[in-house]
Amino acid sequence: MQLFYNASLDNSFKQFSFPTEESKHIIKVLRKKEGDVLHLTNGNGYLFEAEILEANPKKCKAQIISSEKTITRLHTLHLAVAPTKMNDRFEWFLEKATEIGVNEVTPILCEHSERKVIKPERLQKIIQSAMKQSLQTFLPKLNPLTTYEDFLAKTSGDLKFIAHCEDDEKAELKRRLAADKDVVILIGPEGDFSNNEINLAYKKGFTPVSLGRNRLRTETAAVYACTVVSIINS
């Protein structure tokens, strides 16, 4: 099954048209024709089946023939991650975290951050592509780049963790997790969180955790954390 994405779809739609780029892909690349059935999601948990009415490569028209609501997971995962110096590493993290199962991502600006600008439009496209490739119907939320202090002031969750590299006493993430809980995890930049940032997180109720013996890159640490949460909730 190949999945398409259209944020505007809901149960009120009977007919709709694909954008030009997707219309061309459907008709010219996938060689779909009138009467063929396509699968779509609106990113809000719905899976739609649509029959092609007009196989036009510039404006492919389709008709909704069925819809189904996917059951939401009992847990949520919010990752706050400092963007990496190299764009492609942060993009890789977003792709893999989406495939594994993340609900929300906030890029955070820390004292040791080397990258202070992101391209949200490009990152959003990567998340959408990963959602479609992994046949999911919920689109993870990508928040704007936020200062570390602002994030701590506004965030909430059942379980809140900070993964830093200092020698503080800390248990492995998998031993701190519990199933069916809302989880927030802070992942710092290549230069790690500052002592001030670590202490501020403690004051806001975050618990320090280890991601294993090896020192991991920012993007690897974030994907590892996402994987552990997914396994605990599987």
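Above this text is the structure in question.
Residues numbered from 1 in each chain as written. Predicted model: local features only at pLDDT ≥ 70, side-chain atom pairs only at ≥ 80, totals over all residues. Heavy atoms only, no water.

Details of the overall build of the protein chain
Convention followed: The helix count covers DSSP runs of H or I at least four residues long, the strand count covers runs of E at least two residues long, and both are numbered beginning at the N terminus. The contact definition used throughout considers only heavy atoms, calling two residues in contact when any of these lie within 4.5 Å. Per-residue accessibility takes into account occlusion by the displayed protein chains alone, with areas from the Shrake-Rupley method and a 1.4 Å probe. In this count, Lys and Arg are taken as positive residues and Asp and Glu as negative ones, while His and the chain termini are left out. The location of each charge is read from NZ of Lys, CZ of Arg, CG of Asp or CD of Glu.
Check the secondary structure of the protein chain and you find 7 helices and 13 strands. Projected onto its principal axes, the C-alpha coordinates of the protein chain cover approximately 65 × 35 × 30 Å. In the protein chain, once contacts between residues fewer than 6 apart in sequence are set aside, the share between residues at least 24 apart is 73%. For the protein chain, the computed accessible surface area is about 12,600 Å², with 46% contributed by carbon and sulfur atoms. One way to put it: in the protein chain the 33 positive side-chain charges average out to a point 4 Å from where the 31 negative ones average out.

A short note on the packing of aromatic side chains
For the record, the criterion: Stacked, edge-to-face and tilted are the three classes for Phe, Tyr and Trp ring pairs, Trp counted by its six-membered ring, which pair at centre distances within 6.5 Å; planes under 30 degrees apart are stacked, over 60 edge-to-face, the rest tilted.
Evaluated as defined, the whole model comprises 5 aromatic pairs. Here the aromatic rings of Phe4 and Phe18 are separated by 5.7 Å at their centres, their planes lie at 65°, and the arrangement is edge-to-face. Taken together, the residues Phe4 in strand S1 (residues 3-5) and Phe18 in the loop between strand S2 (15-17) and helix H1 (20-29) connect sequence positions 14 residues apart. Grouping aromatic residues by their ring pairs yields a cluster made of Phe4, Phe16 and Phe18.

Some words on the pairing of strand S10 (residues 159-163)
Stated precisely, the cut-off is as follows: Burial classes: relative accessible area under 20% of the type maximum marks a residue as buried, over 50% as exposed, and values in between as partly exposed (1.4 Å probe, protein chains only). Each pair of strands is called paired provided DSSP finds at least two bridges between the two strands.
In terms of residue burial, S10 counts as a mostly covered element, since 5 of its 5 residues are buried. Every second residue of S10 is oriented toward a common face, with Leu159, Phe161 and Ala163 on one face and Lys160 and Ile162 on the other, all of them buried. Note that S10 and strand S12 (residues 182-187) share 5 bridges and pair parallel. Counted as the bridge partner of Phe161 is Ile185 from S12. Bridge count for S10 against strand S13 (residues 207-210) is 2 bridges, and the pairing is parallel. Paired with Phe161 across the strands is Thr207, a residue of S13.

A few points about the sheet that holds S2
Counted only if it meets this: Interaxial angle, 0 to 180 degrees, is taken between N-to-C directions of lines fitted to C-alpha atoms, where a helix line uses only the stretch in contact.
As summarised here, the arrangement of the 5 strands in space is S1-S3-S4-S5-S2, forming an open sheet in which the pairing is mixed. Taken across any chain shown, the strands that pair with only one partner, and hence form the sheet edges, are S1 and S2. Between one strand axis and the next, the sheet turns through 45° on average, direction left out of account. Relative to strand S4 (residues 46-54), strand S3 (residues 37-41) runs antiparallel, the two sharing 5 bridges. Pairing of Leu38 across the sheet is with Ala50, part of S4.

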